[in-house]
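Listed here are the chains, written in short residue letters.
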Amino acid sequence: MERKRQLKVFDATAGFPESRRQSLVDRITRHAEPYLYTAPALILIVTIMLAPLVLGLSYAFRDVHLLNPFSGGYVGLDHFRTLYDDDNFYRALRNTLWWTGASVFLQFVFGLILALLLDRPFAGRAVAQALVFLPWAVPTFLTGLNWAWLFNPVIGPLPHWLYALGLMSEPANILSNPQFAMWGPIIANVWWGIPFFAITLLAALQAIPRDLYEAAAIDGAGAIRRFTSITLPFLAPTIAITVLLRTVWISNFADLIIVMTSGGPADRTQIVASYIFTQAFRALDFGYASAIALVLLVLLLAYSMLIVMLRQVLMDRA
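Worth saying up front: this structure is predicted, and the values here are computed from it rather than measured. Throughout, a residue's number is its position along its own chain's written sequence, starting from 1. Per-residue local features of the predicted model are confined to residues with pLDDT of at least 70, and side-chain atom pairs are confined, for both listing and counting, to 80 or more; whole-chain, interface and lining totals are unaffected and use all residues. Calculated side-chain values reflect all of the structure's heavy atoms, with hydrogen atoms and water omitted.

1. Points about the overall build of the protein chain
Then step 1. Helix and strand labels come from DSSP, where a helix needs a run of H or I of at least four residues and a strand needs a run of E of at least two; each type is numbered from the N terminus. Regarding its fold elements, the protein chain presents 12 helices and 0 strands.
Then step 2. Mapped in sequence order, the helices and strands of the protein chain form the string α-α-α-α-α-α-α-α-α-α-α-α.
Then step 3. Scaling as 2.2 N^0.38, a compact globule of 318 residues should have a C-alpha radius of gyration of about 20 Å, whereas the protein chain reaches 29 Å, well beyond that.
Then step 4. Its C-alpha atoms put the protein chain at 120 × 75 × 40 Å along the principal axes.
Then step 5. When burial is assessed residue by residue, the protein chain has 33% of its 318 residues classed as buried.
Then step 6. Contact definition: two residues touch when any of their heavy atoms are within 4.5 Å. When contacts within the protein chain are restricted to residue pairs at least 6 apart in sequence, long-range pairs at least 24 apart make up 66% of them.
Then step 7. His is not counted here, nor are the chain ends, while Lys and Arg score as positive and Asp and Glu score as negative. By convention, the charge on Lys lies at NZ, on Arg at CZ, on Asp at CG and on Glu at CD. Of the charged side chains in the protein chain, 22 are positive and 19 negative; the average position of the first set lies 10 Å away from that of the second. The size measure is the radius of gyration over C-alpha atoms, and the globule rule it meets is 2.2 Å times the number of residues to the 0.38 power. We call a residue buried when its accessible area falls under 20% of the maximum for its residue type, exposed when it is over 50%, and partly exposed in between, using a 1.4 Å probe and counting protein chains only.

Following this line, the structure appears as C-alpha cells:
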C-alpha cells in the first residue's frame, strides 16, 4: 500500500516538469504569434525597400560608373568632397527651396479655400468633389506635357492671354526665359497638387462639430473670429501633417521639371532631385548621384524632425 502511494507521488512529480515545459512553449508561441503574422510583410518591406536603400546608400562611397566595367571600388568620402565644391549643387539646392516653398504654399492656400467652399452644402457638391480630385488622378508625365504645350506660344493659349492682359511684351514661352522659367513647373505642380490639400482639409473640416459654430455665432463671433478660433485650431494637426508630407514629396518630385524644362534654361529650374537624375541617367555616375541623394535624405530627415518637434512643443503649450 505504501509502495503504491510512493509510485503515485513519483508519477505526479515526473509529469510536473513536462507541464512546465509545455507552458513555456505556449508562452513563447503566444509572444511570437504577432511577429509570425507580420513576418511576410516585414520580409517584403526589407526586400523591396530597405535592401535597395542600403545598396543605393553604399554607392555614395563607391566609384560606380555604368559604362566603366572596372568601377565599383571604394572611394570613401571623395564624392562628398567633390559635392562640397560643386556650384551646380548649391544652385540646385537654392532652386529646390524656391520650388518647394512656392509649391507647398500655393497648394495649401488654394486647397484650403477650395475645402472651405466644398464644406458648404450646395447642389451638385458630390460632383464638384469628384471633379476637384480629377487633377490628382492625371499621371505626372501627362500633366507636365500638357502644361508645356499650354506655355508654348505656337500651340498653347497661355502666352497670348498673358500678352492680351499686358503681362508680357509679346507671346513668348516662359519656359525658355531664365527669369520666369521656374514658374512654369510651379504652376503645373500647384494645379496637380491642390486636390491633396483640398480633400484632406475637407475631411478635417467635416469632422468639426457644428455646434461650436452655432454657439460662437450666438455669442456674436463673426466669420473671421470663428475661423481663427475654431477652424484653424481644429485643422492644425492636419495642416502640420499635410505640409510635412507635401514638402518631402515635392522636394523629391522632379517629374514635372524633367518633362517641362529638363532643368533648363541655364540650370534655372534644376532642383536637387532633377540633378540626381541628371548625374545618374545622363552622366551615368551613380556613385556621385547617390552621394547627392544621401545629402538630400539627411536634409529632409532634419526638416521632418524639426516639424515634429515644433508640433509637439505647440501641443504641449496648448
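Once you've had a look at it, read on.
2. Some details on empty space enclosed by the protein
Then step 1. Cavity means a closed set of points on a 1 Å grid over the protein atoms alone, one where a 1.4 Å probe fits but cannot get out, pocket means an open set with protein on both sides within 12 Å along at least 5 of 7 lines, and lining means a residue has an atom within 4 Å of a point. Grid points are joined across faces, edges and corners, and a volume is the space filled by probe spheres set on the points. The final tally for this structure, using the stated rule, is 1 cavity of 30 Å³ or more.
Then step 2. If you trace the largest cavity, you find it lined by Ile258, Ser262, Gly263, Gln270, Ser274, Phe277, Thr278 and Arg282.
Then step 3. By residue number, the principal contributor to the lining of the largest cavity is helix α11 (residues 272-281), which donates 3 residues.
Then step 4. For this scheme, ten residues count as nonpolar: Ala, Val, Leu, Ile, Met, Phe, Trp, Tyr, Cys and Pro. Four count as charged, namely Asp, Glu, Lys and Arg, and the remainder, Gly too, count as polar. Residues belonging to the lining of the largest cavity are distributed by class as follows: 2 nonpolar, 5 polar and 1 charged.

3. Digging into the nonpolar core
Then step 1. For this analysis, a nonpolar core means a set of buried residues of the types Ala, Val, Leu, Ile, Met, Phe, Trp, Tyr and Cys, connected via side-chain atoms within 4.5 Å. Ranked by internal contacts, the top residues of the largest apolar core, which has 24 residues, are Trp99, Trp147, Phe151, Ile186, Leu256, Met260 and Ile271.
Then step 2. Those elements that provide at least two residues to this core are α3 (87-118), α5 (140-150), α7 (183-206) and α10 (255-260).
Then step 3. Ranked by residues supplied to this core, first place goes to α7 with 5 residues.
Then step 4. If near-sequence neighbours (up to four positions away) are discounted, Leu256 is found in contact with Trp99, Thr140, Thr143, Gly144, Pro185, Ala188, Asn189 and Thr261.
Then step 5. Judged by nonpolar contacts, the second largest core, of 19 residues, contains Leu118, Val132, Ala221 and Ile239.

4. As for a nonpolar patch on the surface
Then step 1. Where nonpolar side chains cluster on the molecular surface, the patch consists of Leu42, Leu44, Ile45, Val46, Ile48, Met49, Leu50, Leu53, Leu297 and Leu301 and spans about 910 Å² of accessible area.
Then step 2. Among the elements of the structure, α1 (2-59) and α12 (286-317) are those that each provide at least two residues to the nonpolar patch.
Then step 3. By residue number, the principal contributor to the nonpolar patch is α1, which donates 8 residues. Patch membership requires more than 30% relative accessible area and the absence of a salt bridge. Residues of like charge join within 9 Å; the nonpolar side chains Val, Leu, Ile, Met, Phe, Trp and Tyr join within 5 Å. Residue burial considers only the protein chains on display, and all accessible areas are found by Shrake-Rupley using a 1.4 Å probe. Note on definitions: salt bridges are taken to be side-chain nitrogens of Lys or Arg within 4 Å of carboxyl oxygens of Asp or Glu.

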